[in-house]
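Residue strings, one per chain:
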Amino acid sequence: MKHAKILYNGQSAWGVVNGEAIKLQNGETIPVDTASFLPPVNHPSKIMATHLTFKSRCVEYKMTKIPEYPSYFLMPPSAVSHHKATVARPKGAKFLNYEGEVVIVMGKRCSNVSVEEALEYVKGYTIANDFGVHDFRHADRGAMFRVKGQDGFCPLGPYLVDAKDVNPDDLMLRTFVNGEKAQEARIGDDLLFSFAYQIADIARFITLEPEDIILTGTPANSRPLELGDVVEVEVEGIGRLENTIVELDRDPAKVGYQLEVTSATLHVALAISEEEAEERIKGMRK
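Everything numeric here is computed off the predicted structure, so don't read it as measured data.

Draft legend 1. Focus on the packing of aromatic side chains. If you walk through the whole model with that rule in mind, you get three aromatic pairs. Judged by centre distance (5.9 Å) and plane angle (70 degrees), the rings of phenylalanine 37 and tyrosine 159 are edge-to-face. One end of the pair, phenylalanine 37, is in the loop between β4 (29–31) and β5 (47–50); the other, tyrosine 159, is in the loop between β13 (154–156) and β14 (160–162), and 122 residues separate them in sequence. Summarising the burial analysis for this pair, phenylalanine 37 and tyrosine 159 share the class buried. In this arrangement the basic side chain of lysine 108 is found over the ring face of tyrosine 121, its NZ or CZ atom lying 5.0 Å from the centre. Between lysine 123 and the ring centre of tryptophan 14, over which it is positioned, the NZ or CZ distance is 5.7 Å.

Draft legend 2. A look at the nonpolar core. By size, the foremost hydrophobic cluster in this structure holds 32 residues, and its most contacted members are Tyr125, Ile199 and Leu208. Elements with a minimum of two residues in this core: β10 (100–106), β11 (122–129), α5 (195–203) and β18 (230–235). Looking at this core, the element that brings in the most residues is α5, giving six residues. Beyond its immediate chain neighbours, meaning those up to four positions away, leucine 208 contacts Lys46, Met48, Met106, Lys108, Arg109, Cys110, Ile199, Ile202, Ala203 and Ile214. Formed by 30 residues, the second largest nonpolar core is a distinct cluster that contains Ala49, Tyr98, Ile213 and Val231.

Draft legend 3. Summary view of the pattern of salt bridges. Counted by the stated rule, this structure contains 22 salt bridges. The salt bridge involving glutamate 99 is made with lysine 148; its shortest N-O contact spans 3.3 Å. Of the two residues, glutamate 99 is situated in the loop between β9 (96–97) and β10 and lysine 148 in helix α3 (residues 145–148); the sequence distance between them amounts to 49 residues. Considered together, glutamate 99 and lysine 148 belong to a single accessibility category, that of buried residues.

Calculation criteria
- Here the residue numbering is sequential within each chain, running from 1 through the sequence in written order.
- Totals for whole chains, interfaces and linings use all residues, but because this is a predicted model, local features are given only for residues with pLDDT of at least 70 and pairs of side-chain atoms are given and counted only at 80 or more.
- The basis for the side-chain values is all heavy atoms of the structure; hydrogens and waters are excluded.
- The criterion for an aromatic pair is that two Phe, Tyr or Trp rings (for Trp, the six-membered ring) have centres within 6.5 Å, with stacked assigned to planes under 30 degrees apart, edge-to-face to planes over 60 apart and tilted to the rest.
- The secondary structure listing takes helices from DSSP runs of H or I that are at least 4 residues long and strands from runs of E that are at least 2 residues long, numbered from the N terminus.
- Relative accessibility decides the category of a residue: with a 1.4 Å probe and only protein chains considered, values under 20% of the type maximum give buried, values over 50% give exposed, and everything between is partly exposed.
- Geometrically, a charge over a ring is one whose NZ (Lys) or CZ (Arg) sits within 6 Å of the ring centre while staying within 35 degrees of the ring normal.
- Among the buried residues, those of types Ala, Val, Leu, Ile, Met, Phe, Trp, Tyr and Cys that are joined through side-chain atoms within 4.5 Å form a nonpolar core.
- Should any heavy atoms of two residues lie within 4.5 Å, those residues are considered in contact.
- The rule for a salt bridge is simple: a side-chain nitrogen of Lys or Arg has to be within 4 Å of a carboxyl oxygen of Asp or Glu.

Here is the structure:
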């Protein structure tokens, strides 16, 4: 079953999606194309995201060694946004990248479970675009706090699909920029660490609560966006998440680390080798 959370008479309301309509719990039906969507989760206590998890991404980076185990980072709940929301690139930033991802939404309290048991704790799946400003790669010692954690940088939606209706290995993930396909991967073929593995790995020491979410990684071809670009992430059987890039409507206060293009910026944002990134930076400084 496919669920949507929308704004209805000034309040949030859940409904079941049937074709091009959303039937709310009060019985009223809202057309999908007129609905004001909200994130299809209820206040997650934790937003976790997995670093390199796709073979194609590792190949793109020309990595000499594929990661043996996954690693993770956290994002603040204020990063969560929704379908059709705008995503604000800070003034002066040049490297705001998209990353289409499948999202796990937890349904039960989960602690120290086996890989074989892990999917039993999942409520459902939705879609994320894990935006990142790589002009901040030099900050926070790799924690991704300002790269990925800015307000609205984690739009989710448009729908939540029940776990029992999804085969995680058979999902097709595609990202489109202004209608042109930019990313494509079949999860079962490209993902290094299964959804079950990621859940079990995290839950060994960090208890997962209902509504906690895990962003499971992105395939190759994440690239920088321009103002006005429309980005859509599609996962067959789940939906198509759409967001538009705008400029942040304020000048950030002049404190702390400032935006800077470093070799780490170019390496990640353009998916070029670390050596090539260093050479480009040297050329920029001449």
